[in-house]
Amino acid sequence: MKEKNTGFSAEYVDNRLQRRLRIYLFFIFIFLVVLIIEVSTGMFKLSLAIIGVLIGFVVGIFTSRMYHLSWDDENNLVIGHIDKIGFVILICYLIFIFTRTFYLHQWIHGSPLMVMVLSLTTGTMLGNLMNTQRSIKKILKTLNILV
């Protein structure tokens, strides 16, 4: 019986795309450690951290569309590039990044503001990472590279 492969091999993914996913994973880990420390010391409520991560996760799912993933027949790799829709999403995402502190400052002040921004960023990166991985798997499965 053939085993089902649920992951994908890095040999089918462009190096720049791999590097971006690894950077996301690294920062997600660092930010989660900081969030856990902040919540465990009582500087921030667990419920607000979870809400921030969930809101960021939803934003991350939408912003993962910035990079249109496709199969490059010449190099036999999944590649990502920004198209017109991705450019519009990138602009909206940048507006979100630069204005979130301003809008959050209306309700949250001081140290909790930094933690809320951190939880939003963590969720955004997590949603982006997970949706990008899902898209890569979908492409490889369509090509019967991933069973």
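Residues numbered from 1 in each chain as written. Predicted model: local features only at pLDDT ≥ 70, side-chain atom pairs only at ≥ 80, totals over all residues. Heavy atoms only, no water.

## Comments concerning the overall build of the chain
Selection rule: Comment: elements are numbered from the N terminus, with helices defined as DSSP H or I runs of at least four residues and strands as E runs of at least two. We call a residue buried when its accessible area falls under 20% of the maximum for its residue type, exposed when it is over 50%, and partly exposed in between, using a 1.4 Å probe and counting protein chains only. In what follows, a contact means two residues having at least one pair of non-hydrogen atoms within 4.5 Å. Note on areas: Shrake-Rupley, 1.4 Å probe, and residue coverage restricted to the protein chains presented here. Counted charges follow a simple rule, with Lys and Arg positive, Asp and Glu negative, and His plus the chain ends left uncounted. To locate a charge, the coordinates of NZ of Lys, CZ of Arg, CG of Asp or CD of Glu are taken.
Counting its secondary structure elements, the chain contains four helices and two strands. Along the chain direction, N to C, the helices and strands of the chain fall in the order α-α-β-β-α-α. With respect to the principal axes defined by its C-alpha atoms, the chain has extents near 50 × 40 × 20 Å. Put simply, the chain has 147 residues, and 37% of those count as buried. At a minimum sequence separation of 6, the contacts of the chain that also span at least 24 residues come to 72%. As displayed, the chain offers around 9,500 Å² of accessible surface, 68% of which is attributable to carbon and sulfur atoms. Where the 14 positive side-chain charges of the chain centre and where its 8 negative ones centre are 9 Å apart.

## Here's the deal with the nonpolar core
Across soluble globular proteins, nonpolar side chains have a tendency to be buried as a group. Where we set the bar: Only buried residues count toward a nonpolar core, which is a set of Ala, Val, Leu, Ile, Met, Phe, Trp, Tyr and Cys residues joined through side-chain atoms within 4.5 Å.
In terms of nonpolar packing, the biggest core is built from 25 residues, with L17, L69, V78, L104 and I136 touching the most fellow members. With eleven residues, the top contributor of residues to this core is helix α4 (residues 111–142).

## Some remarks on the packing of helix α2 (residues 46–63) against helix α3 (residues 84–104)
Worth spelling out the cut-off: Each axis is a line fitted through C-alpha atoms, taken for helices only over the stretch in contact, and angles between the N-to-C directions span 0 to 180 degrees. Geometric relationships in this document are graded by angle, where less than 35 degrees denotes roughly parallel, more than 145 denotes roughly antiparallel, 65 to 115 denotes roughly perpendicular, and other angles denote oblique. The residue classification treats Ala, Val, Leu, Ile, Met, Phe, Trp, Tyr, Cys and Pro as nonpolar and Asp, Glu, Lys and Arg as charged. All others, Gly included, are polar.
In contact at an axis separation of 10 Å, α2 and α3 are set at 155° when each is read in the N-to-C sense. Classified by the angle their axes make, α2 and α3 are roughly antiparallel. Across the interface between the two elements, V59, F62 and T63 from α2 touch I89, Y93 and F96 from α3. Residues belonging to the contact of α2 with α3 are distributed by class as follows: five nonpolar, one polar and no charged.

## Section: the pairing of strand β2 (residues 77–82)
To keep it simple, the criterion reads: In this analysis, strands are considered paired if DSSP registers two or more bridges between them.
As defined by bridge partners, strand β1 (residues 67–72) adjoins β2 across six bridges and the pair is classed as antiparallel. Each residue of the ladder has a partner; that of L69, found in β2, is G80. Between β1 and β2, which pair antiparallel one after the other, the connecting turn spans four residues, and N76 there sits at a positive phi close to 55°.

## Thoughts on the packing of aromatic side chains
The criterion, for reference: Working definition: a ring pair exists when centres of Phe, Tyr or Trp rings (six-membered ring for Trp) sit within 6.5 Å. Plane angles under 30 degrees give stacked, over 60 give edge-to-face, the rest tilted.
Following the criterion strictly, the structure yields three aromatic pairs and no others. Judged by centre distance (5.4 Å) and plane angle (75°), the rings of F26 and F27 are edge-to-face. Judged by its relative accessible area of 49%, F26 falls in the partly exposed class. On the basis of relative accessibility, which here comes to 33%, the residue F27 falls in the partly exposed class.

## A short note on the environment of L140
Looking at where L140 falls in the secondary structure, it is placed in helix α4. L140 sits 63 residues away from L77 along the chain, and the two C-alpha atoms are 9.4 Å apart.

## Here's the deal with unusual backbone geometry
Glycine aside, the phi torsion of most residues is negative, and most peptide linkages are trans. Backbone geometry at N76 places phi at a positive 55°, although glycine is not the residue there. Along the chain, N76 turns up in the loop between β1 and β2.

## Describing the side chain of S119
Looking at the secondary structure, you find S119 in helix α4. Classification of S119 by relative accessible area gives buried; the value is 0%. If near-sequence neighbours (up to four positions away) are discounted, S119 is found in contact with L35, L48, A49, G52 and V53.

## Side note on α2
Since one α-helical turn is 3.6 residues long, residues separated by three or four positions face the same way. The following threshold applies: Here the expected length of a helix is defined as 1.5 Å per residue gap, with one fewer gap than residues. Starting at the helix axis, one direction is taken to each C-beta atom, and the arc is that of these directions.
Its 18 residues place the ends of α2 25 Å apart at the C-alpha level, agreeing with the 26 Å of an ideal helix rising 1.5 Å per residue. Turning to α2, its buried residues number three or more, namely A49, G52, V53, G56, V59, G60 and T63. Taken end-on, α2 shows its buried residues confined to a sector of 125°, consistent with a single buried face. Exposed and oriented more than 90 degrees from the buried face of α2 are L54 and F62.

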